[in-house]
Each structure stands twice: as structure tokens, then as C-alpha cells.
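# Topology and contacts: notes
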Amino acid sequence: MTLYDLANPTRFLSLVERIMPWLIGATVLALATGLYMAFFYAPEDYQQGVTVRIMFVHVPSAWLALLCYAMMAGSSIGTLVWKHPLADVSAKAAAPLGAAFTFLALFSGSIWAKPMWGTWWVWDARLTSFLVLFIMYLGIIALWRTMDDPIKAAKANAILTLVGVINLPIIKFSVDWWNTLHQPASVFRTDGPALHSSILVPLLVMAGAFTLFFIMMHLMFMRNEIYARRIRAMRMRAASAAQPHANVTAQIREV
Amino acid sequence: MDSFFADLPRHAEYVAAVYLMAVAVFGGLLTVALVVKKQRVKELAELEAAGIRRRSAKKQG
């Protein structure tokens, strides 16, 4: 099955129905394994004590927040360049998930900061750029809700999303470019991860579990968005049939 | 497991707050997805019962 086959929303929905039970099972299994490893396999840090376990939520949430935005940027290109019928559905469905993961990363980071740094928040480059990411997500969600016409909303959102991509390298390299309280990268480094395997493995398992959860929720939200557009198209057809001279069919793009 | 419970009093509330929030966020997303799906499937069924079809559905049928 190619990407072009998936351009058919009916075929896409059929695929989602088939893989969803497996995806749910894999997500539950991965989350259970990750939680077990986070609490019973990973040791406490010699300096941070039990608070090191916050990392198993904080770091995967931050990775997913960035991954989700990068995926939305890819979908935006799909909308503007190829006009793929599911590209804007994908971008719209991902925005609340990205906002949720960004919120979780900010919340867990703030909670972690209090016992370790002695403060809930500092306006340093990493934290501020991540807060900007959260505001970007909220702006994108608001823009989707502002416009009734999904085609116009998709173009406006695609442009806004692509403009916001500039924030991703700023977030990634903020700890290198500026002096921050936030620690530098400790997993994705040119000289290999700085974490011991007893911490790194549970972290990667939790990251995998969060990624599976993201994929599962994204497919569910996409399915709901396709249903919403079908309802809209059917209502507009009904309105058109009731008022034959009204030019409402021109606004319908069925999915 | 022993070391975890032994260390519960020191900063354990911070860890608990983070994991509880994660459960709330994950549970909230899942609940929204399922509730919205139920509403939209019902609405689609009502529209189809009223004789309103999608253009592509007419072609297929």
C-alpha cells in the first residue's frame, strides 16, 4: 500500500480499523514495561535521588512535542505542495497532541526544577523557547477553530506551521548557544549517550511507549476529523438540495 | 522496589505529581477521542437515516 492509496480516506479508515487493536495492545504493553523499568529497574540517581524518575516522563514528552511539530511541518508541505487530501487532516489532528506533550514537558520540567534548581521556572533559553512552542501549538489550534472552511484553514495553518519550524533548532541548540540552567544533550550526542544503560534503556522504552501512544491517538483524532468533514459535506449537500440555487456545493470537498 | 519505597518521603510528591499529570493528560486525550468518535458516528448514522448521502457514497452504491 502506497501513500497514494492512503490518499483515499475510506481506505485510510479501513486501515485504521484493522491496525487499531494491535496498536492499542502494543501501546499498553510498552507503557507497562516502561513504567515497570522506570520504577523497579532504573536506580535512583546518587545526587537527584528519586526525582530522576521524572525524566522518564519529561524527556519522552519533550521529544514527542518536537517530533509532533516536525510531523505537522511535513504535513503542511503535503498540503501546500501536493494537496494530499489527508495532509491537512493529519496536521489538524496532531496539533492538540503536540500541545498536550509540550504541556506535559513544561509541567514535569517545572516540577523537577523545584527540588533540583530551587525554583519552578527560569526564563532561560531552553525553557522560554519551549514555552514559545506551546504558544505556537495553541495559536495553530485557535487558527483551525477560527475558520469554517477547512481548505482555507489548512493553507493558513500550513504557512503558520512552516514559519514556526524556525523554533525547532532554537530549542535543540539553545543549551549550546546560550548559558542555561538546563543541562546539555545527554542522549543524542556525537560521542554517544552520557547516560548509564540502567537509566538509558528505561528511558528509550518509555520514549517508544510515548511514541506508540502518539501514533494511536493521532490515528484516532484523524478518524474523528474525517468523520467531521463527512458530516459537514453531507449537511452542505442537504442544504444545497433544499435551496437548489444556492452555490454551496462549490465549497464542499468531500473526504 | 525496597529502595523506591524507602525513599518515598524525600521528593516523592514531585514524582507522584508528574506521573498523575501524565495519567490525566493521556486519559483526557483518550476520553476526548472516544467521546467525539461516538458523537460523530451517531451523527453520521442520523444523516444517512434521513436519506442524506455523500457524493462518493452514491457513486459506490
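For the structure itself, look to the data block above.
So, a few notes on the structure that sits alongside this text. As the structure is a prediction and not an experimental result, all values here were calculated from the model. Throughout this document, residue positions are counted from 1 along each chain, in the order its sequence is written. Lettering for chains starts from A, numbering for ligands starts from 1, and both go in the order in which the items are written. The model is predicted, so local features are restricted to residues of pLDDT at least 70 and side-chain atom pairs to those at 80 or more, both for listing and for counting; the totals for chains, interfaces and linings are taken over all residues. Values shown for side chains rest on all heavy atoms present in the structure; no hydrogens or waters enter the calculation.

In this assembly, 46 residues from chain A lie in contact with 34 residues from chain B. Accessible area that two parts lose when put together, with a 1.4 Å probe and added across both, is what the buried area reports. Between chain A and chain B, the buried area comes to about 3,800 Å², and carbon and sulfur atoms account for 75% of it. Where A:Arg235 meets B:Glu43, a salt bridge forms, and the shortest distance between an N and an O atom there is 2.7 Å. Any pair of N or O atoms that falls within 3.5 Å is considered a polar contact. Within protein, one atom must be able to donate a hydrogen and the other to accept it, and sequence-neighbouring residues count only if both atoms are side-chain atoms. On inspection of chain A and its partner chain B, the count reaches 4 residue pairs in polar contact (both at pLDDT 80 or more). Mapped by element, the contributors of at least two residues to the side of chain A that touches chain B are helix H1 (9–41), helix H2 (55–82), helix H3 (87–117) and helix H7 (197–242) of chain A. Helical segments are the DSSP runs of H or I of at least four residues, strand segments are the runs of E of at least two, and each set is numbered from the N terminus. In terms of residues, the side of chain A that touches chain B owes the most to one element, H7(A), which gives 17 residues. Split by residue class, the side of chain A that touches chain B holds 32 nonpolar, 5 polar and 9 charged. Every residue pair with non-hydrogen atoms within 4.5 Å of one another is taken to be in contact. Salt bridge, as used here: a side-chain nitrogen of Lys or Arg that lies within 4 Å of a carboxyl oxygen of Asp or Glu. Basically, the charged four are Asp, Glu, Lys and Arg, the nonpolar ten are Ala, Val, Leu, Ile, Met, Phe, Trp, Tyr, Cys and Pro, and anything else, Gly included, counts as polar.

Further remarks concern the packing of helix H4 (residues 125–146) of chain A against helix H5 (residues 150–164) of chain A. All names here are of chain A. Between the N-to-C directions of two axes lies an angle of 0 to 180 degrees, each axis being a line fitted to C-alpha atoms and, for a helix, fitted only over the stretch in contact. The contact between H4 and H5 brings their axes to 9 Å, and the two run at 165°. Of the possible angle classes, the one that applies to H4 and H5 is roughly antiparallel. The way H4 lies across H5 gives a crossing that is right-handed. On the side of H4, the interface is formed by Met-136, Gly-139, Ile-140, Leu-143 and Trp-144, while H5 contributes Pro-150, Ala-153, Ala-154, Ala-156, Asn-157, Leu-160, Thr-161 and Gly-164. In terms of residue class, the contact of H4 with H5 is built from 9 nonpolar, 4 polar and no charged. For classification purposes, angles smaller than 35 degrees are called roughly parallel, those larger than 145 roughly antiparallel, those between 65 and 115 roughly perpendicular, and all remaining angles oblique. Crossing handedness follows the turn of the near helix against the far one: under a right angle anticlockwise gives a left-handed crossing, and clockwise gives a right-handed one.

Another point: the nonpolar core. Ranked by internal contacts, the top residues of the largest apolar core, which has 79 residues, are A:Phe56, A:Phe210 and A:Met217. Ignoring any residue separated from it by four or fewer positions in sequence, one finds A:Met217 in contact with A:Leu97, B:Leu29, B:Leu30 and B:Ala33. In plain words, nonpolar cores are sets of buried Ala, Val, Leu, Ile, Met, Phe, Trp, Tyr and Cys residues tied together by side-chain atoms within 4.5 Å. Here's how the labels work: a residue is buried when its accessible area is under 20% of the maximum for its type, exposed when over 50%, partly exposed in between, all with a 1.4 Å probe on protein chains only.

This part covers the pattern of salt bridges. Residues and elements named next belong to chain A. Following the criterion strictly, the structure yields 6 salt bridges over all chains and no others. Arg-229 serves as the salt-bridge partner of Asp-88, at 2.7 Å between the closest nitrogen and oxygen. You can see Asp-88 sitting in helix H3 and its partner Arg-229 sitting in helix H7, a full 141 residues away along the chain. The exposure class of Asp-88 is buried, given its relative accessible area of 3%. Residue classification places Arg-229 among the buried positions, given a relative accessible area of 5%. Among the ionic contacts, a cluster of salt bridges with common partners joins Asp-88, Lys-92, Glu-225 and Arg-229.

By the secondary structure assignment, A:Ile54 is in the loop between H1 and H2. C-alpha separation for the pair A:Ile54 and A:Ile111, spaced 57 residues apart in sequence, amounts to 8.5 Å. Setting aside chain neighbours within four positions, we find A:Ile54 in contact with A:Ser108, A:Ile111, A:Trp112, B:Tyr14, B:Val15 and B:Val18.

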